[in-house]
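Chain and residue survey
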Amino acid sequence: MSAVSDRLPTFPWDKLTPYKATAAAHPDGIVDLSVGTPVDPVPELIQKALVAAADSPGYPTVWGTPELRDAITGWVERRLGARDVTHRHVLPIVGSKELVAWLPTQLGLGPGDRVAYPRLAYPTYEVGARLARAAYEVYDDPTELDPEGLKLLWLNSPSNPTGKVLPKAELTRIVAWAREHGVLLFSDECYLELGWEADPVSVLHPDVNGGSYEGIVAVHSLSKRSNLAGYRAAFLAGDPAVLAPLLEIRKHGGMMTSAPTQAAVIAALGDDDHVRVQRERYAARRTLLREALLAHGFRIEHSEASLYLWATRGESCWDTVSHLAERGILVAPGDFYGPAGAEYVRVALTATDERVAAAVRRL
């Protein structure tokens, strides 16, 4: 076991424990803006769909029910502007983190292969490469990477942690480069429906991919847009030549989304109203926190989309974490996402209105 665990970095969130204790000691309680876990209720129509499917004694299938695949293909075409999406173009997954962590292994990558991801990025991209014993590296512009041995290229737009959005022209250029060099491109688009000052575009849009899904796969999650983090519900959409082998591997591994969760996903993808309501909640919290942070002396960069504000006071991120913890506010240090985040903190919008109001008063 240690041979595997020794490949992995220290779990970053454990480092926040003493700061969390400081924040929790505040007389008015902690305001936790660190992890970014949803706190609002699961929409009622989704809960009802889950309950209605609760009597599910048999094994679910890895590929999901035909109704689930219909729901995914319909949403991908309606929301992302994709065209000619069939069941072969989609694959349900058990939450997106599981996919990110195990994708290099499932692709058969190993020593001598390279995985690349943004300089500031979700730590699990690196973890996935480490688990497969593949090499990993970061980039500012992926088209400046050496394509030799580069087997997996991660995009992330909108970005976690920065909220940066890649414009359509930039996505088009990167997709063309990846195809030219035979590099498999996975685009993590889990925050795509949470654009504030920009309108995020998917790599599945025909203006980006020229009407072909060759060599590209998009990753989408219902955790944030539908408050389903506890359900572990996500899916892939893109190149059937990539998804078909993944489906076979995941069948052998028993990576099945539970039948009640599949029913809940069908309901969630078929309803746009609850997404609008949740967006409005986050938009209101974003406005309040952004103004309070700016008034407190922070500078906010990017943050045009996603569930976070990427903020700095021009000091060590841990000094900022400590400063805010003394005021009962817990945030994520920027170096969790790479050395380039050493002077930033990530401030999540995922707290109740009451807790956000408390943070604003303290700031």
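Structural notes, computed from the coordinates.

What counts as what
- Residues numbered from 1 in each chain as written.
- Predicted model: local features only at pLDDT ≥ 70, side-chain atom pairs only at ≥ 80, totals over all residues.
- Heavy atoms only, no water.
- Salt bridge = Lys/Arg side-chain N within 4 Å of Asp/Glu carboxyl O.
- Helix = DSSP H or I, 4+ residues; strand = E, 2+ residues; numbered from the N terminus.
- Buried < 20%, exposed > 50% of the residue type's maximum accessible area, 1.4 Å probe, protein only.
- Pairing = 2+ DSSP bridges.
- Right-handed = clockwise from strand over helix to strand, strands pointing away.
- 1 Å grid on protein atoms, 1.4 Å probe; cavity = no way out; pocket = protein on both sides within 12 Å on 5 of 7 lines; lining within 4 Å.
- Points joined across faces, edges and corners; volume = space filled by probe spheres on them.
- Nonpolar A, V, L, I, M, F, W, Y, C, P; charged D, E, K, R; others polar.

Tallied over the full model, the rule gives 24 salt bridges. Where Asp-28 meets Arg-355, a salt bridge forms, and the shortest distance between an N and an O atom there is 3.3 Å. One end of the pair, Asp-28, is in the loop between helix H2 (17–24) and strand S1 (31–32); the other, Arg-355, is in helix H13 (residues 353–362), and 327 residues separate them in sequence. A relative accessible area of 35% means that Asp-28 is categorised as partly exposed. Residue Arg-355 is classed as buried on the basis of its relative accessible area of 14%. Taken together, the shared-partner salt bridges in this structure form one network comprising Asp-28, Glu-354, Arg-355, Arg-361 and Arg-362.

Pairing within the open sheet is antiparallel, and its 4 strands lie in the order S9-S10-S13-S12. In the strand order of this sheet, the two ends are held by strand S9 (299–301) and strand S12 (332–333), each with one partner. Bridging between S12 and strand S13 (residues 344–348) involves 2 bridges; their strand directions are antiparallel. Looking at the pairing, Pro-333 lines up with Val-345 of S13.

For the rest of this paragraph, the subject is the pairing of strand S3 (residues 114–118). The side chains of a regular strand alternate, first on one face of the sheet and then on the other. Within S3, 5 of the 5 residues are buried, which leaves the element mostly enclosed by the surrounding structure. Judged from the 5 bridges that link them, S3 and strand S4 (residues 135–139) form a sheet pairing that is parallel. Its bridge partner being in S4, Val-115 is matched across the sheet by Tyr-136. The β-α-β motif built from S3, the intervening helix H6 (residues 124–132) and the parallel element S4 has right-handed crossover chirality. Where S3 lies against strand S5 (residues 150–156), 3 bridges are found, and the strand directions are parallel.

A separate point is empty space enclosed by the protein. Enumeration according to the criterion identifies 2 cavities of 30 Å³ or more in this entry. Roughly 80 Å³ of volume is contained in the largest cavity. Looking at the largest cavity, it is lined by 13 residues, and the ones nearest its centre are Cys-190, Glu-193, His-220, Ser-221 and Arg-225. For the second largest cavity, the calculated volume is near 40 Å³. Lining the second largest cavity are Leu-33, Leu-289, Leu-293, Leu-324, Ile-329, Val-331, Val-347 and Leu-363. A breakdown of the residues in the lining of the second largest cavity according to their chemical character gives 8 nonpolar, no polar and no charged.

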